[in-house]
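Report on the structure
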Amino acid sequence: MAAGFITGGGGERKDYPGKMTWRMVITCIMAGCGGLIFGYDIGISGGVTSMAPFLQKFFPHVYRREELNSGGTNQYCKFDDAMLTLFTSSLYLAALVASLFASFITRKFGRKPSMVFGGLVFLAGAAVNGFAHNVAMLIIGRILLGVGIGFANQSAPVYLCEVAPAKHRGKLNMLFQLMITVGILAANLINFFSAKMSNGEGWRVSLGCAGIPALIFLIGSLCLPDTPNSLIERGKLPEGKEQLRKFRGVDDVEDEFNDIRLASEAAKNVQKPWSNLLRRKYRPQLAMVVLIPFFQQFTGMNVIMFYAPVLFKTIGFGSNASLASALISGGVNCVATLVSICTVDRLGRRFWFLEGAIQMFICQIIVAICIGVKFGVSGNPGELPVWYAGIVVFAICVYVAGFAWSWGPLGWLVPGEILPLEVRSAGQSVNVSVNMIFTFIIAQCFLRMLCVMKFGLFIFFSGFVFVMALFIYYFLPETKGIPIEDIAEVWKTHPYWKRFVDEDDDAARKSRFSGV
Ligand code: BGC
């Protein structure tokens, strides 16, 4: 029944029957809302930490330093404070640890329980933060939010990759990233208005409103069915087949069902997915789930996302204007993601990875030159002409667009789709953990790095962007349109990776690893 077709020299690959159904689209939008809570959080902290009443209440020494500095002197260093950055970054440490636990739940009990739990804990974190009276409450709230994000990011991208038919998997998975960008934009907007509240409690509104995306995600997850792959993996064959029929909108799902069943048989033999992931035959997947999130974070994108208001303030915008500029970059981030959603299943993953890297590289160099020329190493720009700041904002927006249609969504799509079922949950946890650890490092170190490296910071990130483009060019095979349980085949024809997954090689090794 399956219509066979050849893709990219990887041998015969299947195209299962099925159509794009409304049920599928709505389900994917709901699961994508996992990205909403992540995005809200990314977007909210930068704005809150640039609000004077927030600084006065929780970080008075930073506030005093900022006041002292407002007349000039070293703009690069005025926000550099370890406690303030810990507020932003504590969440990512919590998310990192949580995603490791989530792996177990996602594998044993399904993708849905992890998503529901993630939504619930995030909701609790929003409440603690909204009512915070001291720094401890702030940090505890951030940790709860982090646990929620760890669970959501571990399960939602996998959920999307599993329910989507191969030829639409790219765009459906990217709904997760789209929701991240909607979350960031919503947070920027809320910050913009709450910063104007005259009672000085605007920061509470900003932090407390995280409850809204949490509720949306929680209710959405409660309404979702689990994925056919997870149901089948857990031995619920009739339910798995029924869900597959509903998702595909056709009765004949025999071929796809059988392939998932075979993959799940293989998965059942794997008792220790973590150590299994270290086996030689999974080396390509392991390399991707470590290096893609690493490079995604070293694009430097989160410097803009977390600290856009602070950054714009640093380059001479007033408080309101900096939040407005952050709003502009947030809007660009959201719209540019749509470009990728519409084209990724046609143009492929490699095309966007490479295009995005070139675009980001050029913009980073422009920003470094603009800031370097005006601020020099002393960090004192004097009077910054409006047109000059305008060029910087424009270059930052083009950079953001480059990320938003490449490394942003692909950083969640590609690791999620290349993992075979037997190591999918563990591999996705590695992906989330690596993403979170480097998000943490960037969040924690950016203000210090800006203070030390000055405009050179942008050159530093551009170096990583250059290397990551080479990495994709040489090491990532194209995965568009290939059914998820067949993707393992692509490594067998790849000039570098084939030696790792060579079947004979593997058979020889199997006996050595048979205790694992
Ligand atoms: C990244 C985040 C980033 C966001 C920006 C996501 O894919 O994982 O770290 O802040 O994109 O849109």
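Residues numbered from 1 in each chain as written. Predicted model: local features only at pLDDT ≥ 70, side-chain atom pairs only at ≥ 80, totals over all residues. Heavy atoms only, no water.

For the chain, the name recorded in an unreviewed UniProt entry is Major facilitator superfamily (MFS) profile domain-containing protein, with Salvia splendens as its organism. The chain has a UniProt comment under Subcellular location (unreviewed entry) that states "Membrane". Taken directly from UniProt, the Sequence similarities (unreviewed entry) text for the chain runs: "Belongs to the major facilitator superfamily. Sugar transporter (TC 2.A.1.1) family." (UniProt positions renumbered as here; feature names shortened; annotations may be inferred.)

Helix and strand counts for the chain stand at 24 helices and two strands. Burial analysis of the chain (516 residues in total) assigns 62% to the buried set. Partitioning the contacts of the chain with sequence separation of at least 6, the portion at a separation of at least 24 is 81%. In the structure as shown, the chain presents an accessible area of about 18700 Å², 69% of it carried by carbon and sulfur atoms. (Helix = DSSP H or I, 4+ residues; strand = E, 2+ residues; numbered from the N terminus. Buried < 20%, exposed > 50% of the residue type's maximum accessible area, 1.4 Å probe, protein only. Contact = heavy atoms within 4.5 Å. Areas by Shrake-Rupley, 256 points an atom, 1.4 Å probe, with all protein chains shown as cover.)

Before going further, it helps to spend a moment on a nonpolar patch on the surface. On the surface, a nonpolar cluster with roughly 500 Å² of combined accessible area is contributed by Ile358, Ile362, Ile366, Trp387 and Ile391. Secondary-structure elements contributing two or more residues to the nonpolar patch are α18 (349-375) and α19 (386-404). Counting residues per element, the nonpolar patch draws most heavily on α18, at three residues. (Patch = residues over 30% accessible without salt bridge, like charges linked within 9 Å, V, L, I, M, F, W, Y side chains within 5 Å. Salt bridge = Lys/Arg side-chain N within 4 Å of Asp/Glu carboxyl O.)

As a structural note, the neighbourhood of the ligand is formed by 14 residues, with Gln177, Gln296, Gln297, Asn302 and Trp412 the closest of them. Take Gln296: an N or O atom from its side chain is 2.9 Å from an oxygen atom of the ligand. A distance of 3.0 Å separates an oxygen atom of the ligand from a polar atom in the side chain of Gln297. Under a 2 Å grid-point criterion requiring more than half of the atoms, the pocket assigned to the ligand is the largest cavity. Of all the elements in the fold, those that place two or more residues in the shell around the ligand are α2 (34-48), α8 (169-194), α15 (283-297), α16 (301-314) and α20 (407-418). (Near = heavy atom within 4 Å. Polar contact = N/O pair within 3.5 Å; in protein donor to acceptor, adjacent residues only side chain to side chain. 1 Å grid on protein atoms, 1.4 Å probe; cavity = no way out; pocket = protein on both sides within 12 Å on 5 of 7 lines; lining within 4 Å. Sits in = over half its atoms within 2 Å of the grid points.)

On the secondary structure map, Gln297 appears in helix α15. For Gln297, a relative accessible area of 4% corresponds to the buried category. Not counting chain neighbours up to four residues away, the residues in contact with Gln297 comprise Asn302, Asn435, Phe438, Thr439 and Ile442.

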